[in-house]
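# Working through the structure, step by step
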Amino acid sequence: DPNRGKGVPEYYNDLISTLPSHKGWEPTLLLKYQDFWFPEYILPGIVNLQQHFKVRPSDLFLMSYPKSGTTWLKALAFATINRNRYQLANHPLLSHNPHDCIPVIDVDFASKIEGMPSPRILHSHCPFSLLPDSIKGSDCRMIYVCRDARDVMVSDWFFTNRLRRSNGVELVQFGKAFELFCEGVCYYGPIWDHVLEYWEESLRMPERVLFLKYEEMLADPAGNVKKLAEFMGCPFSPDEEKEGVVGEIVRLCSLEELKNLEVNKRSEFIMPHIKFDYGSYFRKGEVGDWRNHMSFEMALRLDGIIREKIGGSGLTL
Ligand code: A3P
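The rules behind these values
Residues numbered from 1 in each chain as written. Predicted model: local features only at pLDDT ≥ 70, side-chain atom pairs only at ≥ 80, totals over all residues. Heavy atoms only, no water. UniProt positions renumbered as here; feature names shortened; annotations may be inferred. Pairing = 2+ DSSP bridges. Helix = DSSP H or I, 4+ residues; strand = E, 2+ residues; numbered from the N terminus. Contact = heavy atoms within 4.5 Å. Axes fitted to C-alpha atoms, helices over the stretch in contact; angles between N-to-C directions. Near = heavy atom within 4 Å. Polar contact = N/O pair within 3.5 Å; in protein donor to acceptor, adjacent residues only side chain to side chain. Areas by Shrake-Rupley, 256 points an atom, 1.4 Å probe, with all protein chains shown as cover. Nonpolar A, V, L, I, M, F, W, Y, C, P; charged D, E, K, R; others polar.

An unreviewed UniProt entry annotates the chain as Sulfotransferase originating from Cocos nucifera. Listed in UniProt under the heading Sequence similarities (unreviewed entry), the comment for the chain reads: "Belongs to the sulfotransferase 1 family."

Written out as structure tokens, the structure is:
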């Protein structure tokens with residue numbers, strides 16, 4: 001691949017050239033690093049995070065496997081923690097994509113977060129085992145959101161094809177994407193190891209890691225927002241509950257509301273080598289959309305893999 005290593009700081013090149021690579025189904029090559037697959041435009045950021053990230057004890061981390069409800073979690077956490085700071089009428093979430101309200105630390109974190117006032121809310125898709133010791137060994141709290149792997153796969157397929165289209169790369173067939181997903185060869189894959197690591201941490205340190213499920217959030221958004229608020233150290237007062245503040249946050253952060261905002265319909269942003277559009281983060285937001293795209297046999301196969309990999313952990317996906 002002529003683009004391999006292009007734009008990547010010199011000192012990564014030696015490392016990167018030793019890693020297994022795969023064409024995958026992302027628009028760019030995937031590289032396998034410490035048992036997980038990363039697009040080549042992200043991996044330098046992960047290595048940089050491991051080597052240079054300076055944690056603050058008050059940092060709060062929002063973690064997820066991609067396409068599991070990250071955008072929603074970011075919006076809810078941001079709206080909840082800042083509820084006394086902003087009026088609904090001119091709330092930042094109405095003019096900014098949730099990804100711009102809470103920065104991601106997997107890519108070029110330094111420029112975005114070093115000047116941020118504490119307490120910072122930061123986001124990463126990084127698997128737990130790859131996080132720097134400074135984060136793993138800290139008392140910082142983390143919130144992880146997981147989702148039914150079948151819906152994640154379908155969501156990822158739509159997202160990736162949209163990404164491929166905006167970057168002028170031919171689309172990938174569903175069957176091929178499915179095969180690779182089942183082999184764990186995908187963006188931050190395999191999903192089962194990613195989810196299992198955070199699940200185990202949440203069992204080991206429930207006061208540090210809050211483990212949420214996208215399906216449960218959809219079934220009871222208000223209950224989950226209250227859980228989030230308590231975990232973040234800013235529970236809703238009885239008066240706030242009476243005044244309907246929880247419901248306001250749920251409405252502000254709903255898919256319908258965010259999807260139809262100008263900022264989320266029109267804007268694009270560029271990561272090194274690749275162009276994203278904000279609209280691609282908002283699609284259907286439903287439980288069970290996999291039924292519209294996966295055959296029964298495919299679903300059974302993926303279910304079987306997930307059960308084999310995480311069975312016995314007490315977690316169901
Ligand atoms: P679908 O593709 O199934 O619709 P992520 O934010 O981790 O990239 O995940 C994207 C998925 O979350 C997409 O799922 C998207 O539609 C859904 N989503 C985005 N914003 C949401 C919101 N505010 N509420 C519920 N789901 C949302």
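## Remarks on the sheet that holds strand β1 (residues 21–22)
The pairing of strands in a sheet happens through backbone hydrogen bonds and is either parallel or antiparallel. With antiparallel pairing, three strands are arranged side by side in an open sheet as β1-β2-β3. What marks the edges here is a single partner per strand, and that holds for β1 and β3 (36–39). As paired elements, β1 and strand β2 (residues 30–33) share two bridges and run antiparallel to each other. Bridge pairing in β2 places H22 opposite L30. In the packing of helix α2 (residues 43–52) onto the sheet, contacts are made with β2 and β3, and the angle to β2 comes to roughly 25 degrees.

## Quick look at the site of the ligand
Not every one of the 18 residues close to the ligand is listed here, only the nearest: T70, T71, S155, K284 and G285. For the ligand, a nitrogen atom lies 2.7 Å from a polar atom in the side chain of Y214. K284 places a polar main-chain atom, nitrogen or oxygen, 2.7 Å from an oxygen atom of the ligand. Coverage of the ligand by the protein amounts to 97% of the 570 Å² it exposes when considered alone. Elements with a contribution of two residues or more to the shell around the ligand: α3 (70–81) and α15 (255–259). Among the elements that make up the shell around the ligand, the one with the highest residue count is α3 (three residues). A per-class count over the shell around the ligand returns seven nonpolar, seven polar and four charged.

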